[in-house]
Amino acid sequence: MTDKPVRYHVVHETRYDYGSPVSLSQQQLHLSPRVLAWQQIEEQRVDIDPVPSWRRDGQDAFGNPVTWIAFHSPHEHLILRSAMSIAVTPHLPKNIALSPPWESVRDLLAYDSTAPRSEDLDAMRFLFESSHVRIKHELADYAVDCFPPKRPILLGAQALMAKIFKEFTFDPEATTVSTPILEVLEKKRGVCQDFAHLMIGCLRALGLSARYVSGYLLTRPPPGKPRLIGADASHAWVSVYAPDCENDWVDFDPTNNLLPNTEHITVAVGRDFSDISPLRGIILGGGGTEPEVAVTVTPLDEEEIPAGLLTPVDAASGKAKVDLSKDLGKPAESAEKSAAKLGESALGEVGSDEIVPEEMKPEEAALDKQAEKQSAAAVVQAAAGVPAA
């Protein structure tokens, strides 16, 4: 097996047409890929239309690149276009049978009076319940046969991954982003997000740390057919904590029953989907709308970038775009060093790289003041880019 990196060009486009004006909006973006030992970002930018009034770039509590933006003037649409060139180096573990017994990892993560190692303490954040992952005895019962006494933890995780792949059916119509994992367990149907949440819940129910990984997966068109622009989708898989192995965290893809390697591109990691949704936020005004999402993953060593992806987003308003390029040359900081806060609290802080809004006209200031008084009517914008494959 060669260690030569595999290079990709990825375009992730999201469009909201609100139907009626949105007077105020605050958004959090997880569209910039995480730098890893095996993943290097060559180029990355996010174009936005309309241009946001304010922006700040930083890291979230899990060390993922994140961007916060705000709009202080009425707008009827929002278009986000993330484009990146990225190189992924082969990184499969050499021998998962040499990983420690799963009981020893469970005991290492259990509370006792001794001071934990920093890496174990960091992993403990992924040991407990989260918004989309409940810890239930039904989940432990489902997974227990994959973890007989003394089995290496990564062999157990591989067995659980294979069990989910064998017993569950991929069905995009069976679930929504909020479907409880016990319902997924009962129906035995779902999508990659459901299978990732289920596997994470099973592992945590056994006392093991597991985290949710979002990103992209290379799909291949039928032989002789061109790659269709926008035909791909976001993807989700699982990362299991295996201390003292090569990378401490080892990825598993229960949707495809494989260990991710060079065809998986990592964007972010969190406790579950809600931590790292590609786009989430709050809007004041607008009509009910569903986002249009299109993802295209092109292997640069095999194909040329489709011409349609080389043109920036067409701005219906004719306004210029803002480049959200960041210094991605350094790996993400540890969670202890990351001071970024999620949600509105982060948007309330002023960063040195913010975009300062132009001076408001009197009528705009009056509209802004009126909107603030109506803030109780604000609605949460649906998360965009829900993994579907």
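Since the structure is predicted, the reported quantities are computational estimates derived from the model, not experimental observations. (Residues numbered from 1 in each chain as written. Predicted model: local features only at pLDDT ≥ 70, side-chain atom pairs only at ≥ 80, totals over all residues. Heavy atoms only, no water.)

A.B. asks: Which parts of the structure should I look at to understand helix α4 (residues 153-167)?
C.D. replies: An α-helical turn contains 3.6 residues, so a residue and the one three or four places further along point in the same direction. In this model α4 runs 21 Å from its N-terminal to its C-terminal C-alpha over 15 residues, within 8% of the 21 Å that 1.5 Å per residue would give. By the burial criterion, the buried members of α4 are Ile153, Leu154, Gly156, Ala157, Leu160, Met161, Lys163 and Ile164. In this structure, the buried residues of α4 make contact with α1 (102-109), α3 (137-143), α6 (192-205), β9 (234-241) and β10 (249-252). (Helix = DSSP H or I, 4+ residues; strand = E, 2+ residues; numbered from the N terminus. Expected span 1.5 Å × (residues − 1). Buried < 20%, exposed > 50% of the residue type's maximum accessible area, 1.4 Å probe, protein only. Contact = heavy atoms within 4.5 Å.)

A.B. asks: What should I look at first to understand the nonpolar core in this one?
C.D. replies: Across soluble globular proteins, nonpolar side chains show a tendency to be buried alongside one another. Membership of the largest hydrophobic core comes to 65 residues, with the highest contact counts inside it found for Leu160, Met199, Leu203 and Phe252. Those residues within four positions of Phe252 in sequence are excluded, and the remaining contacts are Leu154, Ala157, Gln158, Met161, Met199, Trp237, Val238, Val240, Leu258, Leu259 and Pro260. In terms of nonpolar packing, the next biggest core, distinct from the first, is built from 13 residues, Leu31, Val46, Phe71 and Leu78 among them. (Core = buried A, V, L, I, M, F, W, Y, C linked by side-chain atoms within 4.5 Å.)

A.B. asks: Can you help me understand the packing of aromatic side chains in this one?
C.D. replies: Pairs of aromatic rings are described using the distance from one ring centre to the other and the angle between the two planes. In this structure the tally under the stated criterion is eight aromatic pairs. Relative to Tyr18, the ring of Tyr16 lies with its centre 5.8 Å away and its plane at 15°, an arrangement referred to as stacked. The same class applies to Tyr16 as to Tyr18, namely buried. Centre to centre, the rings of Phe168 and Phe195 are 5.9 Å apart; their planes meet at 70°, and the pair counts as edge-to-face. Placement of the pair is Phe168 in the loop between α4 and β6 (169-170) and Phe195 in helix α6, with a sequence separation of 27 residues. By the burial criterion, Phe168 is buried, and Phe195 matches it. By way of ring pairs, the aromatic residues Phe62, Phe126, Tyr241 and Trp249 are connected into one cluster. (Phe/Tyr/Trp six-rings, centres within 6.5 Å; stacked < 30°, edge-to-face > 60°.)

Geometry only, nothing functional implied.
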